[in-house]
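# Inside the fold
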Amino acid sequence: MEVITKETIRSDKIIKVNPFKLNPWRRLKDLLSGGLMSIVITAILALILIMGMLLLVRSWPIMSTYPLRELLTSTTWRPTRGEFGFAPFIVGSLTVTLIAGFIAVIPALLSGIYLAEYTSRRSRSRLKPLLDLLVGIPSVVYGLWGILFIVPLIRDHAGPWSDRVLGGTFPFFARTNPSGYGLLAGGFVLGVMIFPIIVAVTDEVLRNVPREMRESLQALGATRWEATKVVVFKASLPGVLAAVVLGFSRAFGETLAVMMVVGNNPNIPASLFDTAYPLPALIANNYSEMMSIPMYDSALMGAALLLLVVILFFNVVARLTIMRVSR
Amino acid sequence: MSIKRRRKIEEFIFVWLMRLALTSAALVLGLILVIITSRGLQALSWEMISQPPGAAFYLGGGGGILNAIVGSLYLAAGATLLALGIAIPAVMYLHTYARNSRLRHVVRLVLDVLWGIPSIVYGAFGFALMILMGLRASLLAGIIVLALVVLPILARTFDEVLSLSPKELTEATLAMGTTRLELLWVLLRQSLPGLFTAVLLAFSRAIGDAASVLFTAGYTDSLPDSLLRPVASLPLAVFFQLGTPFPEVQARAHASALVLTAIILFISLLAHLSMTRLGRNVIR
């Protein structure tokens, strides 16, 4: 049996820490590491700014030589003759993105709704990894799949069919290019790629809508789908739209998969089967020769800057919307 | 038709539309895997994955893609480590030092936005940076740019994991009289399994990304031997071999894609398992 003496009580005091009398070494360590970590945080916050600045500096030669309006609207791209018109690439990016949207958005929204509103915990835990897998597949594999499967499909079946049935009345569906490489192939591959992103964000947004909202609606006699409709349209429409915007911005910046199937011709596409040349593909395709032609590297850096600005805009708007909806 | 019946039918139609959408997604995923596997297997051989390219590899000569496999592993591992070195302090800061939730919101927003920036833009940025610093295409440059690509993925996933740790743990730890730095170690141990999953996720993204290493890591037929020399990567091996006009080389591209897909599937599986298995000793 230990006898409690004055000494043991005193030794207990050692454990008690007065926060204002911290061991100076511990305090110094705390302060130093805090300082270091805040530097890292600042660096991350500044990264976008640094990227934008550097790309701006590198693309300045071309920006200061040609008026911006001419760069953005001119349709001739002949770097060797000093003609840098970005219009075909901007149009190419937009059309491919739009086609991807046409293919992916509605199924993705429906899937996201199903995942958030209809699945049990168990079937959800089986479906989620499937979507993660789709996100994880590298874009070069998507591109290869496009070449092996989508392009022949368009060349041999979809193209001739569309030309026969719709091509006569709508020139947009005329088969102008028999190879199968083109807008439709690029849009399809991209659609498959952005599908899981839209699903994931829709699911996230819908899960943040309070449960009571659905329960009270169902208690009033609404079916599950009717409750979902109200929830989607009243409470989380901005969030769902933001999900779509995020999918579009991903499609706008995707490089390799599109580049492998879209044909890469700097023309303004007039038909679904025409070739196109999106901005990211322009950058990726010409990296090797960009130093040999004057202004060429500046033009490509300008393309990267353009891409960055457009995607930043859509991402910031979409993310802010989602944050507001989720709160 | 009564209103009740119409409502039932509407419900029925939409539920089946949703199931159809999900099923078609699963079908497409299956289709991708089946096509890549069946085409890849035709050209896959032990020689393909055990040897670097021979003399006339891109004309149909012998050899394999060992250079790309090893190069990709180096690139991805280096990038993940570097990103880890940035992400851990940054995210830890948010959960220990940063008192105002405003900073957290801003950092999360910035990380999410960085996540959305396409890797070709990171590639172009990296290239501009290399010119500025007088660097040539090399393993080091590739690692740096890839680290930027995976940083937001790593940091955001880790951030989510840390957010799951109970608030009481933080409070109890601080109540013991620890400094915030000491709290950080407690939180780190608590979130280690989740961090591991985040690392796997970042690694698999790094191994599959091609657009960012296109300018920065270059390409070479030899095995990587120095940080300052160019290095091959699997996605680019697929891409370059597909670009040749020879069917036998294109078939090798299919095999390379299969190797890449297999690595990614393996890592995804690992990440999935680590998420469910490793978390058992963590306080929830």
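Residues numbered from 1 in each chain as written. Chains lettered and ligands numbered in written order. Predicted model: local features only at pLDDT ≥ 70, side-chain atom pairs only at ≥ 80, totals over all residues. Heavy atoms only, no water.

### Considerations on the overall build of chain A
To keep things clear, this is the line we draw: Helical segments are the DSSP runs of H or I of at least four residues, strand segments are the runs of E of at least two, and each set is numbered from the N terminus. When we talk radius of gyration, it's over C-alpha atoms, and the globule rule is simply 2.2 Å times the number of residues to the 0.38. Only protein chains enter the calculation, and the probe is 1.4 Å; a residue is then buried if its accessible area is under 20% of its type maximum, exposed if over 50%, and partly exposed in between. Any two residues whose heavy atoms approach within 4.5 Å at even a single point are treated as in contact. Here the accessible surface of atoms and residues is derived via Shrake-Rupley with a 1.4 Å probe, and residues count as covered only by protein chains that are part of the display. The sign given to each residue is positive for Lys and Arg and negative for Asp and Glu; His and the chain ends receive no count. Here the site of a charge means NZ on Lys, CZ on Arg, CG on Asp, or CD on Glu.
Within chain A one finds 13 helices and two strands. Whereas a compact globule of 327 residues would reach a radius of gyration of roughly 20 Å, chain A reaches 28 Å, over 25% beyond that. Relative to its full complement of 327 residues, chain A shows a buried share of 50%. Pairs at least 24 apart in sequence give 74% of the contacts found in chain A among residues at least 6 apart. Of the accessible surface of chain A, which amounts to about 16,200 Å², a share of 66% is contributed by carbon and sulfur atoms. Charge centroids of chain A, computed over 30 positive and 19 negative side chains, lie 7 Å from each other.

### Concerning the overall build of chain B
The secondary structure content of chain B amounts to eleven helices and zero strands. In sequence order, the secondary structure elements of chain B are arranged as α-α-α-α-α-α-α-α-α-α-α. Seen along its three principal axes, the alpha-carbon backbone of chain B occupies a region of about 70 × 65 × 35 Å. Counting the 284 residues in chain B, one finds 54% classified as buried. For chain B, the share of sequence-separated contacts (at least 6 apart) that also reach a separation of at least 24 residues comes to 74%. Of the roughly 12,800 Å² of accessible surface on chain B, 67% is carried by carbon and sulfur atoms. Computing the positive centroid from 22 side-chain charges and the negative centroid from 13, chain B places the two 10 Å apart.

### Some details on the pattern of salt bridges
Any two side chains of opposite charge can pair, so long as their charged atoms come close to each other. Basically, it comes down to this: Put simply, a salt bridge is a Lys or Arg side-chain nitrogen that is within 4 Å of an Asp or Glu carboxyl oxygen.
As enumerated under the stated definition, the model contains 18 salt bridges over all chains in all. When the shortest N-O distance is used, the salt bridge between arginine 78 of chain A and glutamate 83 of chain A registers 3.1 Å. Owing to a relative accessible area of 35%, arginine 78 of chain A belongs among the partly exposed residues under this scheme. With its nearest N and O atoms 3.2 Å apart, the salt bridge here joins arginine 156 of chain B to glutamate 160 of chain B. With arginine 156 of chain B and glutamate 160 of chain B both in helix H6 (residues 139–164) and four residues apart, this pair spans about one turn of that helix. It is possible to trace a salt-bridge network through shared partners that takes in Arg319 of chain A together with Arg108, Asp112, Arg156, Asp159 and Glu160 of chain B.

### Examining the environment of isoleucine 9 of chain B
Its location among the elements puts isoleucine 9 of chain B in helix H1 (residues 3–43). Classification of isoleucine 9 of chain B as partly exposed rests on a relative accessible area of 34%.

### With respect to the interface of chain B and chain A
Much of the literature gives interface size as the accessible area that the parts lose upon coming together. We count it as follows: The buried area of a pairing is the accessible area, by a 1.4 Å probe, that goes missing from both parts when the two are put together, added over both. We define a polar contact as two N or O atoms separated by no more than 3.5 Å, with the added condition that, inside protein, one atom must be a possible hydrogen donor and the other a possible acceptor, whereas residues neighbouring each other in sequence contribute only through side-chain atom pairs. Under this grouping Gly is polar, as are all residues other than the nonpolar Ala, Val, Leu, Ile, Met, Phe, Trp, Tyr, Cys and Pro and the charged Asp, Glu, Lys and Arg.
Counting residues at the interface gives 80 residues for chain B, matched by 77 residues for chain A. Both faces combined, the contact of chain B with chain A buries some 7,100 Å², and carbon together with sulfur accounts for 81% of it. Here chain B is connected to chain A by five salt bridges. One can count 14 residue pairs in polar contact (both at pLDDT 80 or more) joining chain B with chain A. If one sorts the elements of the side of chain B that touches chain A by residue count, H1 of chain B sits on top with 19 residues. By residue class, the composition of the side of chain B that touches chain A is 60 nonpolar, ten polar and ten charged.

### Digging into the packing of helix H13 (residues 296–326) of chain A against helix H5 (residues 119–133) of chain B
Condition: Under this scheme, a helix contributes an axis fitted over its contacting stretch, all axes are lines through C-alpha atoms, and angles between N-to-C directions fall in the 0 to 180 degree range. Angular relationships are summarised with four words: roughly parallel below 35 degrees, roughly antiparallel beyond 145, roughly perpendicular across 65 to 115, and oblique for the angles in between. What makes a crossing left-handed is the near helix being turned counterclockwise from the far one by less than a right angle; a clockwise turn instead makes it right-handed.
One way to put it is that H13 of chain A packs onto H5 of chain B with a least axis distance of 9 Å and a crossing angle of 135°. Our classification of the angle between H13 of chain A and H5 of chain B gives oblique. Note on packing geometry: the crossing formed by H13 of chain A with H5 of chain B is left-handed. Judged by residue contacts, Met301, Ala304, Leu307 and Leu308 of chain A of H13 of chain A engage Ile120, Val121, Ala124, Phe127 and Ala128 of chain B from H5 of chain B. Among the residues making up the contact of H13 of chain A with H5 of chain B, the classes are represented as nine nonpolar, no polar and no charged.

### Some remarks on the nonpolar core
Basically, it comes down to this: Put simply, a nonpolar core is a bunch of buried Ala, Val, Leu, Ile, Met, Phe, Trp, Tyr and Cys residues held in one set by side-chain atoms that sit within 4.5 Å of each other.
Counting 175 residues, the largest nonpolar core has Phe86 and Tyr142 of chain A together with Ile32, Leu114 and Ile117 of chain B as the members making the most contacts within it. Setting aside residues up to four positions removed in sequence, phenylalanine 86 of chain A forms contacts with Leu71, Leu72, Ser74, Trp77, Leu279, Leu282, Ala299 and Ala303 of chain A. Counting 15 residues, the second-largest nonpolar core is a separate cluster that includes Leu110, Ile113 and Trp225 of chain A together with Ala21 of chain B.

### Description of the side chain of serine 256 of chain B
All names here are of chain B. In this structure, serine 256 sits in helix H11 (residues 247–277). Looking at serine 256, the relative accessible area reads 0%, which means it is buried. Reaching out from serine 256, the side chain makes a polar contact with the side chain of glutamine 241 at a distance of 3.2 Å. Dropping the residues within four chain positions of it, serine 256 is found in contact with Met48, Ile65, Leu234, Val238 and Gln241.

### Digging into the packing of helix H3 (residues 66–96) of chain B against helix H8 (residues 180–208) of chain B
All names here are of chain B. Packing of H3 against H8 leaves a shortest axis separation of 9 Å and a crossing angle of 145°. Here H3 and H8 pass one another in a crossing that is right-handed. Here Ser72, Leu73, Ala76, Ala77, Thr80, Leu84, Ile88, Met92, His95 and Thr96 of H3 come into contact with H8, specifically with Arg180, Leu183, Leu184, Leu187, Leu188, Leu195, Val199, Ala202, Phe203, Ala206 and Ile207. When grouped by side-chain class, the residues that make up the contact of H3 with H8 number 16 nonpolar, four polar and one charged.

### Focus on a nonpolar patch on the surface
Put simply, the rule is: Residues enter a patch when their relative accessible area is above 30% and they make no salt bridge; the linking distance is 9 Å between like charges and 5 Å between nonpolar side chains (Val, Leu, Ile, Met, Phe, Trp, Tyr).
Where nonpolar side chains cluster on the molecular surface, the patch consists of Ile9, Phe12, Ile13, Trp16, Leu17 and Leu20 of chain B and spans about 590 Å² of accessible area. Position of tryptophan 16 of chain B relative to the elements: it lies in helix H1.

### Some words on the side chain of threonine 228 of chain A
All names here are of chain A. Inspection of the secondary structure assignment puts threonine 228 in helix H9 (residues 224–235). Looking at threonine 228, the relative accessible area reads 1%, which means it is buried. Of the polar contacts made by the side chain of threonine 228, one reaches the backbone oxygen of arginine 224; its length is 2.7 Å. Dropping the residues within four chain positions of it, threonine 228 is found in contact with Ile113, Glu117 and Tyr118.

### As for the packing of aromatic side chains
All names here are of chain B. The criterion, for reference: Each pair of aromatic rings taken from Phe, Tyr and Trp, with Trp reduced to its six-membered ring, is defined by centres within 6.5 Å and is described as stacked if the planes are under 30 degrees apart, edge-to-face if over 60, and tilted in the remaining cases.
The final tally for this structure, using the stated rule, is 15 aromatic pairs over all chains. Between the aromatic rings of tyrosine 93 and tyrosine 97, the centroid separation amounts to 5.6 Å while the plane-to-plane angle is 0°, which identifies the pairing as stacked. Given a relative accessible area of 15%, tyrosine 93 falls into the buried group. By relative accessible area, which is 8% here, tyrosine 97 ends up buried.

### Describing the confidence of the model for chain B
Segments scoring low in pLDDT should not have their predicted coordinates read at a detailed level. All names here are of chain B. Where we set the bar: pLDDT gives the predictor's per-residue confidence on a scale running from 0 to 100.
For chain B, per-residue confidence averages 87 on the pLDDT scale, and residues scoring 70 or more make up 96% of the total. Mean pLDDT across the elements of chain B bottoms out in helix H2 (residues 46–50) (83) and peaks in H3 (93). For this predicted complex, the interface confidence score (ipTM) comes to 0.91, while the overall pTM stands at 0.89.

### Points about unusual backbone geometry
Excluding glycine, residues mostly have negative phi values, and the peptide bonds linking residues are mostly trans. Positioned with a positive phi, asparagine 264 of chain A is a non-glycine residue whose angle comes to about 55°. Residue position: asparagine 264 of chain A is located in the loop between helix H11 (256–261) and helix H12 (279–285).

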